[in-house]
Each structure stands twice: as structure tokens, then as C-alpha cells.
Amino acid sequence: MPADERMPRKRPARNTPAAVRKPTGTRSAGGKQSGGRPSDEREPRHAKNLPRRIAWEVLVDVETKDSYANLLLPAKLARTHMDHQDAAFTTELTYGALRQQEFYDAIIAKAANRSLDTIDPEPLAGMRLGAHQILSMRVPDHAALSETVAVIKSYAPKTSGFVNAVLRRISEIDRAEWLARVTAGATAVGEQAIEYSHPEWIVRAMTQALKGHGRQASELQALLEADNAAAKVSVSALPGLIDRSELPGAPTEFSPIGVTLETAVPKNVDAVAAGRARVQDEGSALVALALAHVQAPTGTWADLCAGPGGKAAVLAAIAKQRGTTLDAFDSSDHRVELVRSSTQALDNVTTRVQDARDATGPYAKVLVDVPCSGLGALRRRPEARYRRRPEDINALAGLQRELLRAALDACAPGGVVAYSTCSPHYAETVLVVDDVLRGTDVEVLDAPAVLAEVTGADAAGFSSVSRGAGRYAQLWPHVHNTDGMFLALMRKAN
Ligand SMILES: C[S@@+](CC[C@H](N)C(=O)[O-])C[C@H]1O[C@@H](n2cnc3c(N)ncnc32)[C@H](O)[C@@H]1O
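Identification of the chain as RNA methyltransferase from Brevibacterium aurantiacum is taken from an unreviewed UniProt entry. Taken verbatim from the UniProt record of the chain, the Sequence similarities (unreviewed entry) comment is "Belongs to the class I-like SAM-binding methyltransferase superfamily. RsmB/NOP family."

This is the structure we're talking about:
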């Protein structure tokens, strides 16, 4: 395929208003597929059009089986022998179509002149895939159409004419004109929801999060755009096991132990395979590094919500350098298994399948990286935004508070607790810490200043300058190019 097919097309500036919301769900029309999908085992290794076929399969499974694209796609790619460019093209097709699904669905509903819940998942996935190539990538329209329809023809032949007709209609006008049509009459929030494919409640929550953490509401567009951009793949070199200079890629901007991989595939990096380095968002690395950096009494450290083990691996590596050990808890067997794998190169970790609310300690340092909505990591989990519900925030609020209280209880006098989320949502971050600390003599440490010492960057850039006198830290995808991690550091009284 020509090189420029693989490049995302630069998005033109947005314009006008209106509504339309996609329904998904049970389908009846659009033709039932009759070809059936082959299992991966039967795939010809160098099948023509493999990127589009794999992308289409992932989209169908995300829609029909609630699969996670960030788990399914790498597994499928690992079974092929694609070169780096084709793998990147497949990833852009899949993640791009998912990230902008609400926008494409609004367009498909208009172009097909029918409600989406009357379209079967297989042709719908083909339309989303085609729409992404036509409206957001530099794929020539004729290739986007014919190659996408060819995939549908092989596996759902009775629907290929329908997919072809809809994609043809989509290709007749440009993205800006479609945007104007599908947003005509929408409220300002509704318009942003469609244009950036974020459910309205998330648009509102992000606006509130920006304001709540002391930033400008005018940054919203940049934040939503960052959620729709491909996230870099970064790897952390576990301190004491390997130096980042020994890894391929460029040094990360903030984390002193990270590199950004440009062309290397993580599983092909020996140090990753051997457990001496780990794929990890830079923001996650910074949370672990910040806790490790703060002075505390000697003694064992704990990670109360450790699975799958990214931060635990960094903490354990540093704990080993300091002659101490890490207790890693998780309530899920499977997640503890992942922690064992992430810390395979270290011998100072005890894993515990246990509800961390029963942790006893005392621990010198405690990380509590609580279960959260994940709204800060939408760029890495492209379908998560459609699965999350506003009520999830309240559902997690009690557990988040209980886990933070348990962390403080399990912490030794004079010890340090780090509370973190991969969400900037105000109710999961500032409100939890403020609530739990009210009436206690726990000291809130200056997390932005600690991050400044770890990174060499200016503390103000990390600060959540709302409550907590600027002592909480909030990272942002559109500012730091990291996941949206929140960090509060606290010292228990002696
Ligand atoms: C945000 S993830 C942690 C990510 C991890 N720190 C990392 O960096 O790889 C939250 C974890 O908390 C675990 N969890 C949820 N409730 C828990 C509880 N009551 N006790 C211990 N772990 C819990 C979940 O199974 C999940 O693995």
C-alpha cells in the first residue's frame, strides 16, 4: 500500500451545530452475514488486505463480545508476521474507527438513512472502518471503498452492496460538511460530544475537571483531541536492572527511566521479554517514582491495588536498591498473576490475593492506585468512553475512600501514602482525598514539588491548584502527553 495511506489525515477545523445520537443494540436489517469469519488459526499468513480484515474483526468483537481492543488487537497482531508499518496501519484503522465512533455513527445513520440499531454488527463495523479511512486518513476514497468492501464481501457477502452504497454516500462530501450536517441544531455540549466522540456526560465531567484542578475550561477542545490521538508507546527501564540508555527509542520527556518506542515492537525488545523493562505510560511511572522519592522511615513498602503490576514493578525495583521489600496486594487472582509476571526479575516481592481493606502493615510507604473510571486513559482504551456510565463514578466512590483509609491505617507512623487514579474526575480525586483527610492530622505533602524533583521540570505545571493548596498533582494528556494521572502524597503523623 502507498505510504501515505498509513498516515492519519489532519483534521480540518470544526464548525457548526446540531444533534443526533447513535443507538446501538439489536439489529434486524442490513442483511445477515452468511460468509462467517475464519478463526485466526485458518488465516493465510500473508492474506491480502490483512490490516483491514484484522481491524474489522476487532471492531466486530468489541461491538458483539464486549472485547477490549487494547488486548485483542495486540494478540491478533502477534499471530501475524506484519512489518511495523502494516501493524501501525492496522492499529490506526482499529483505534481511529473506535475513538471517533460516535461521529462516524451519526454520519452512517444519515448516509444509510436508517437507525443504527437496524444494521447488523458486521456491516456496521465495515462502515465505521470505511468512514475512518475516508474522513480521517490519507487513504484515497477508491481504495478505502473497494478494500473495505472486499473484506465484507469475504465474510458477510450479502451485506457488501449495502456497505458499498453507504460508503459511497459518505465519500461524496467532506468531513467539514458532514460535521455541519450531523451537529445541526445541537447544544454546545452536544456538538462537542459528536465532533470528538465523547459522550455528553464525559464532556461535562472533563470541563468540570479542568476547572476543578485550576485549569481553563477553554482547554477542553485540546483535551478531547488528545484523547483521540494515538498514544505513544513508552517503556520504563526498571531501576537497578537496566538503564534506559540500553533500550531502543528516545528518552521520555518527564520520566527519568522511560523511553518512547518509535519503531520497535515492545515484545521484540529483549529487556521487556526478560522483565527488566516494562511497557508503561510515563504518567504511571511518575506516580511510582514520586512515592519512591519521598523520605520515609525504613521498612517494607506496599502496593495495595497492584494489578497488573506496572507501578509495583518500578516500586519493587527501587525498594530492592534500598534493601527493602514490597508487598503487592490485589483482590483478583488473575491480576495478582499479572503482578507476578511484571515483577518476575525481582526477588523482593510478596504477592497477596487479598482485599486491601484488610491490609495490616505497618508499611513505610503505601501506594493505593485505586480502581477508577479511567477517564484519564481514554486514548489507550478507545472503546472505554462508550462503556463507562456516569453512575460508575458514584459506584466507585465508597471503595476509593475505604481503600485510602486502609492505606493510612496500614502506614507506619511517619510513613508516606500515595493516592492515585488514572482519572482527572473531581469526584475520584480531590473530593476523595479531602473527605478522607478531614479531621485527621495527616500532612499533605507537596506532590508537584516532588514531581519537579523527580523530573527536573517546573512544579507549577503539575499542580492541581484547587483545594489542597496546590499540593495535589494532576497530569493531562493534552499538557504532558501522559495519561491523566492524579497524585496526592500524604505523611502519617508520628
Ligand atoms: C487501577 S488498577 C491498579 C493499576 C496498577 N497499580 C498498575 O499500575 O499496574 C486497580 C486495581 O485494584 C484492584 N482492586 C479493586 N478492589 C480492590 C480491593 N478491595 N483490594 C485490593 N485490590 C483491589 C483491581 O483488581 C485492579 O487490579
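**Student:** Residue-level account of the overall build of the chain, with values.
**Tutor:** Within the chain, the secondary structure is distributed over 20 helices and 13 strands. Per-residue burial over the chain gives 57% buried out of 494 residues. Look at the contacts in the chain between residues 6 or more apart in sequence, and 76% of them connect residues 24 or more apart. Surface accessibility of the chain: about 19,400 Å² in total, with carbon and sulfur atoms responsible for 50%.

**Student:** Describe the UniProt feature "active site" (unreviewed entry) in the chain, listing the residues and the values that go with them.
**Tutor:** UniProt records the feature "active site" (unreviewed entry) at Cys422, using the numbering of this structure. Relative to the assigned elements, Cys422 resides in the loop between strand E9 (411–421) and helix H18 (430–437). When sequence neighbours within four positions are dropped, the list of residues in contact with Cys422 reads Cys372, Gly374, Leu375, Gly376, Ala377, Arg381, Gly484 and Met485.

**Student:** Residues and numbers for the nonpolar core, please.
**Tutor:** Of all hydrophobic cores here, the largest spans 55 residues; its most connected members are Trp56, Ile108, Ile119, Val166 and Ile170. Counting residues per element, the ones that place at least two in this core are helix H1 (50–65), helix H2 (69–78), helix H3 (84–99), helix H4 (101–112), helix H5 (121–136), helix H6 (141–155), helix H7 (160–172) and helix H8 (175–183). In this view, Ile108 contacts Asn113, Leu116, Ile119, Leu124, Met127, Arg128, Val166 and Ile170; residues no more than four positions away in its chain are not counted. If you look at the next biggest cluster of nonpolar residues, it comprises 42 residues, including Leu315, Ala316, Cys372 and Val450.

**Student:** Quick rundown of the sheet that holds strand E3 (residues 258–261)? Include the residues and the values.
**Tutor:** Reading across the sheet, the four strands line up as E2-E3-E1-E4 and stay open at both edges, with antiparallel pairing between neighbours. In the strand order of this sheet, the two ends are held by strand E2 (250–251) and strand E4 (277–279), each with one partner. Pairing geometry for strand E1 (residues 233–237) and E3, over four bridges, is antiparallel. Considered in E3, the bridge of Ser236 is made with Gly258.

**Student:** Please provide a residue-by-residue account of the confidence of the model for the chain, values included.
**Tutor:** When pLDDT is averaged across the chain, the result is 89; 89% of the residues are at 70 or more. Predicted confidence for residues 1–46 stays below pLDDT 50, and this span has 138 contacts to residues more than four positions away or in other chains.

**Student:** Give a description of H7 that names residues and reports values.
**Tutor:** Counted at 1.5 Å a residue, the expected span for H7 with its 13 residues is 18 Å, and the 18 Å between its end C-alpha atoms agrees. For H7, the secondary structure elements touched by its buried residues are H4, H5, H6 and H8.

**Student:** Would you mind going over the packing of aromatic side chains in detail, with residue names and values included?
**Tutor:** The description of an aromatic ring pair uses the distance of the two centres, along with the angle that the planes make with each other. The tally for this structure, following the rule as stated, stands at six aromatic pairs. Between the aromatic rings of Phe254 and Phe462, the centroid separation amounts to 5.7 Å while the plane-to-plane angle is 70°, which identifies the pairing as edge-to-face. Of this pair, Phe254 sits in the loop between E2 and E3 while Phe462 is found in the loop between helix H19 (447–455) and strand E11 (463–464), placing the two residues 208 residues apart along the sequence. Accessibility classification places Phe254 together with Phe462 in one group, the buried group. Stacked on the ring of Tyr68, the Lys or Arg Arg387 has its end atom at 5.4 Å from the ring centre.

**Student:** Hey, could you go over the pairing of strand E13 (residues 486–491) for me, with residue numbers and the actual values?
**Tutor:** Counting buried residues along E13, five of its six residues qualify, which places the element largely inside the surrounding structure. Summarising the sheet, E9 and E13 pair through six bridges and their orientation is antiparallel. Counterpart to Ser420 in the pairing with E13 is Leu487. Across three bridges, strand E10 (residues 443–445) lies against E13 in antiparallel orientation. Opposite Leu445, over in E13, you have Leu489 as the bridge partner.

**Student:** Kindly report on the side chain of Asp330, identifying the contributing residues and their values.
**Tutor:** Within the secondary structure layout, Asp330 lies in strand E6 (residues 326–330). Of note is the side chain of Asp330, whose polar atom sits 2.9 Å from the backbone nitrogen of Gly307. Only 3.1 Å separates the side chain of Asp330 from the backbone nitrogen of Ser332, close enough to count as a polar contact. Beyond its immediate stretch of four places on either side in the chain, Asp330 contacts Leu304, Cys305, Ala306, Gly307, Arg335, Val336, Arg352, Val353 and Gln354.

**Student:** Describe the packing of H5 against H6, naming the residues involved and giving the relevant values.
**Tutor:** In a packed pair of helices, the relevant descriptors are the angle between the two axes and the axis-to-axis distance. Relative to each other, H5 and H6 sit at 160°, their axes nearing to 9 Å. Considering the angle they form, H5 stands roughly antiparallel to H6. Every pair of crossing elements has a handedness; the one defined by H5 and H6 is right-handed. Here Glu122, Gly126, Leu129, Gly130, Gln133 and Ile134 of H5 come into contact with H6, specifically with Asp141, Ala144, Thr148 and Ile152. Residue composition of the contact of H5 with H6, grouped by class: four nonpolar, four polar and two charged.

Rules and cut-offs
Residues numbered from 1 in each chain as written. Predicted model: local features only at pLDDT ≥ 70, side-chain atom pairs only at ≥ 80, totals over all residues. Heavy atoms only, no water. UniProt positions renumbered as here; feature names shortened; annotations may be inferred. Helix = DSSP H or I, 4+ residues; strand = E, 2+ residues; numbered from the N terminus. Buried < 20%, exposed > 50% of the residue type's maximum accessible area, 1.4 Å probe, protein only. Contact = heavy atoms within 4.5 Å. Areas by Shrake-Rupley, 256 points an atom, 1.4 Å probe, with all protein chains shown as cover. Core = buried A, V, L, I, M, F, W, Y, C linked by side-chain atoms within 4.5 Å. Pairing = 2+ DSSP bridges. pLDDT = per-residue confidence, 0-100. Expected span 1.5 Å × (residues − 1). Phe/Tyr/Trp six-rings, centres within 6.5 Å; stacked < 30°, edge-to-face > 60°. Lys NZ or Arg CZ within 6 Å of the ring centre and 35° of its normal. Polar contact = N/O pair within 3.5 Å; in protein donor to acceptor, adjacent residues only side chain to side chain. Axes fitted to C-alpha atoms, helices over the stretch in contact; angles between N-to-C directions. Parallel < 35°, antiparallel > 145°, perpendicular 65-115°, else oblique. Left-handed = near helix turned anticlockwise from the far one by under 90°. Nonpolar A, V, L, I, M, F, W, Y, C, P; charged D, E, K, R; others polar.

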